[in-house]
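A closer look at the structure
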Amino acid sequence: MKYRTIGTDPGTRREVSVLALGAMLFGSRTDEETSFAVLDRYVEAGGTFIDTSDNYAFWEDGGQGGQSEELLGRWRRSRGIGDEIVIATKLGARPLAPGTGYADNAEGLSAKVIRESAERSRDRLGVARLDLLYAHIEDHRVPLQETVEGFAELVAEGTVGLLGVSNHAVWRVERARALAAAAGLPGYEVLQYAHSHLRPRFDVPDGGLFPDGSLGHAGPELLSYLRAEPGLTLVAYSPLLKGAYTRPEVALPADFDHPGTPTRLKVLREVAQETGATVNQVVLAWQIGAELPVVPLVGASSVAQLEESLAAVDLELTPQQRARLDAVH
């Protein structure tokens, strides 16, 4: 395994594995025995960065979520896991009532919600401090100042370490970070967005969350922001497009249906053939070795799926292969 540091403050920064493991469906669609086996193998391979959320996976049973955090708590206790494993969680997108969702009835990012939700997450995970806590989705009903101060209070109390943000417009991320900096408070340092080798269209509206086009993908504006702010880290969710690269029965999401996709797929497949790796492994290796700090976040519903992703950590792409992968549009 290889490692990189996330965060800049000596008191909260952490060294994490360059490949993160997503636990979204653990405890719901992925049963406990399989979930434990995947987690055990990940740690055995040197993995130290696990991702979840307080609303995972509410859509599986029409509830409010929490199954993933609860399973991770049971796994931690049964294995004697301590703070050597960094567990990141998110808040803000938990439905306020069963049968609803984050687009129409999310808990939001008020100071009260931040405090109460973080406490519930600590209880479910069985930890005294959340290593990394994200603002999951935007909340336009609450002033950014209140959200910034709500997160900062938990850091000051020692119940939260690093702060992160996901699925926010870049201007709102920067405004929140500027408010924090002006007040001498900790701000967002880890940004979690969808990112893969294929480039999506950004003009496709997403019903409830993004009426003007997707804000959930790492597009040119976010990537240029990361170049200007070297202390920030991108955690890339859905890097393998839910299996669409390699499984014929899985269709590419609609926002990847555009003229640029076939060309990028062609180069990916050529590099995979040259290296003897799978297309999935090339995508992950391209992210891990990128000029910008990118930590791919992979899911796995079996140990075999995880093994494929783990092998990507040691896949070294040549400068020429990287140049070809970067050049296609």
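See the structure above.
Residues numbered from 1 in each chain as written. Predicted model: local features only at pLDDT ≥ 70, side-chain atom pairs only at ≥ 80, totals over all residues. Heavy atoms only, no water.

With respect to the overall build of the protein
Counting its secondary structure elements, the protein contains 12 helices and 10 strands. When its C-alpha atoms are laid out on the principal axes, the protein stretches across 55 × 45 × 40 Å. Per-residue burial for the protein yields a buried fraction of 55% across its 329 residues. Contacts in the protein between residues at least 24 apart in sequence constitute 75% of all its contacts with a sequence separation of at least 6. Per element, the accessible surface of the protein, about 14000 Å² overall, is 52% carbon and sulfur. Side-chain charges in the protein split into 32 positive and 45 negative, and the spacing between the mean points of these groups amounts to 2 Å. (Helix = DSSP H or I, 4+ residues; strand = E, 2+ residues; numbered from the N terminus. Buried < 20%, exposed > 50% of the residue type's maximum accessible area, 1.4 Å probe, protein only. Contact = heavy atoms within 4.5 Å. Areas by Shrake-Rupley, 256 points an atom, 1.4 Å probe, with all protein chains shown as cover. Lys, Arg positive; Asp, Glu negative; His and termini not counted. Charge placed at Lys NZ, Arg CZ, Asp CG, Glu CD.)

Observations concerning helix α9 (residues 260-275)
Spanning 16 residues, α9 covers 23 Å between terminal C-alpha atoms, matching the ideal 22 Å at 1.5 Å per step. Within α9, the full set of buried residues consists of Gly260, Thr261, Arg264, Leu265, Val267, Leu268, Val271 and Ala272. One side of α9 carries all its buried residues, which in axial view fall inside an arc of 165°. When the buried face of α9 is taken as reference, the exposed residues oriented beyond 90 degrees from it are Pro262 and Gln273. The inward-facing, buried residues of α9 abut α10 (279-288) and α12 (319-327). One or two positions beyond α9, positive phi appears at Gly276, with a value near 75°. (Expected span 1.5 Å × (residues − 1). Arc of directions from axis to C-beta.)

Re helix α8 (residues 220-228)
For α8, the set of buried residues is Leu222, Tyr225 and Leu226. Burial along α8 is one-sided: seen end-on, the buried residues are contained in an arc of 100°. Turned more than 90 degrees away from the buried face of α8 sit Pro220, Glu221, Arg227 and Ala228, all of them exposed. Along its buried surface, α8 packs onto α7 (170-182), β8 (190-194) and β9 (233-237).

Comments concerning the side chain of Arg14
Within the secondary structure layout, Arg14 lies in strand β2 (residues 14-17). There is a polar contact of 2.5 Å between the side chain of Arg14 and the backbone oxygen of Asp83. Setting aside anything within four residues of it in sequence, one finds Arg14 in contact with Arg4, Thr5, Ile6, Asp83, Glu84, Val86, Asp131 and Leu162. (Polar contact = N/O pair within 3.5 Å; in protein donor to acceptor, adjacent residues only side chain to side chain.)

A closer look at unusual backbone geometry
Residue Ala57 follows Tyr56 across a cis peptide bond; omega there is -10°. One non-glycine residue, Lys242, adopts positive backbone phi at about 55°. Relative to the assigned elements, Lys242 resides in the loop between β9 and α9.

Re the nonpolar core
Within the largest apolar cluster, 90 residues are counted, with the highest numbers of intra-cluster contacts made by Phe49, Ile50, Phe151, Leu191 and Leu222. Counting residues per element, this core draws most heavily on α10, which supplies 7 residues. (Core = buried A, V, L, I, M, F, W, Y, C linked by side-chain atoms within 4.5 Å.)

Observations concerning the side chain of His197
For His197, the position within the fold is in the loop between β8 and α8. Owing to a relative accessible area of 1%, His197 belongs among the buried residues under this scheme. In this structure the side chain of His197 is engaged in a polar contact, spanning 2.9 Å, whose partner is the backbone oxygen of Leu325.

Considering the environment of Lys2
Residue placement: Lys2 occurs in the segment before β1 (3-6). Remark: the alpha-carbon pair of Lys2 and Ser238, spanning 236 residues in sequence, is separated by 20 Å. In this view, Lys2 contacts Val16, Ser17, Val18, Val313, Asp314 and Glu316; residues no more than four positions away in its chain are not counted. At 3.1 Å, the side chain of Lys2 forms a polar contact with the backbone oxygen of Val313.

Side note on the environment of Glu119
Relative to the helices and strands, Glu119 is located in helix α5 (residues 111-125). The class for Glu119 is partly exposed, based on a relative accessible area of 42%. Between the C-alpha atom of Glu119 and that of Ala304, which follows or precedes it by 185 residues, the distance is 35 Å.

Focus on the pattern of salt bridges
Counting across every chain of the model gives 22 salt bridges. Residue Glu307 pairs with Arg41 through a salt bridge whose shortest N-O separation is 2.6 Å. Here Arg41 lies in helix α1 (residues 32-44) and Glu307 lies in helix α11 (residues 303-311), a separation of 266 residues in the sequence. Classification of Arg41 by relative accessible area gives partly exposed; the value is 22%. One continuous salt-bridge network, built from bridges that share partners, spans Lys266, Glu270, Glu274 and Arg324. (Salt bridge = Lys/Arg side-chain N within 4 Å of Asp/Glu carboxyl O.)

Observations concerning the sheet that holds strand β10 (residues 294-298)
What the 8 strands build is a closed barrel, ordered β3-β4-β5-β6-β7-β8-β9-β10; its pairing is parallel. Sheet twist, expressed as the average angle between the axes of neighbouring strands with direction ignored, equals 30°. When strand β6 (residues 130-135) meets strand β7 (residues 160-166), the two strands line up parallel, connected through 5 bridges. By the bridge assignment for β7, Leu132 is matched with Leu162. (Pairing = 2+ DSSP bridges. Axes fitted to C-alpha atoms, helices over the stretch in contact; angles between N-to-C directions.)

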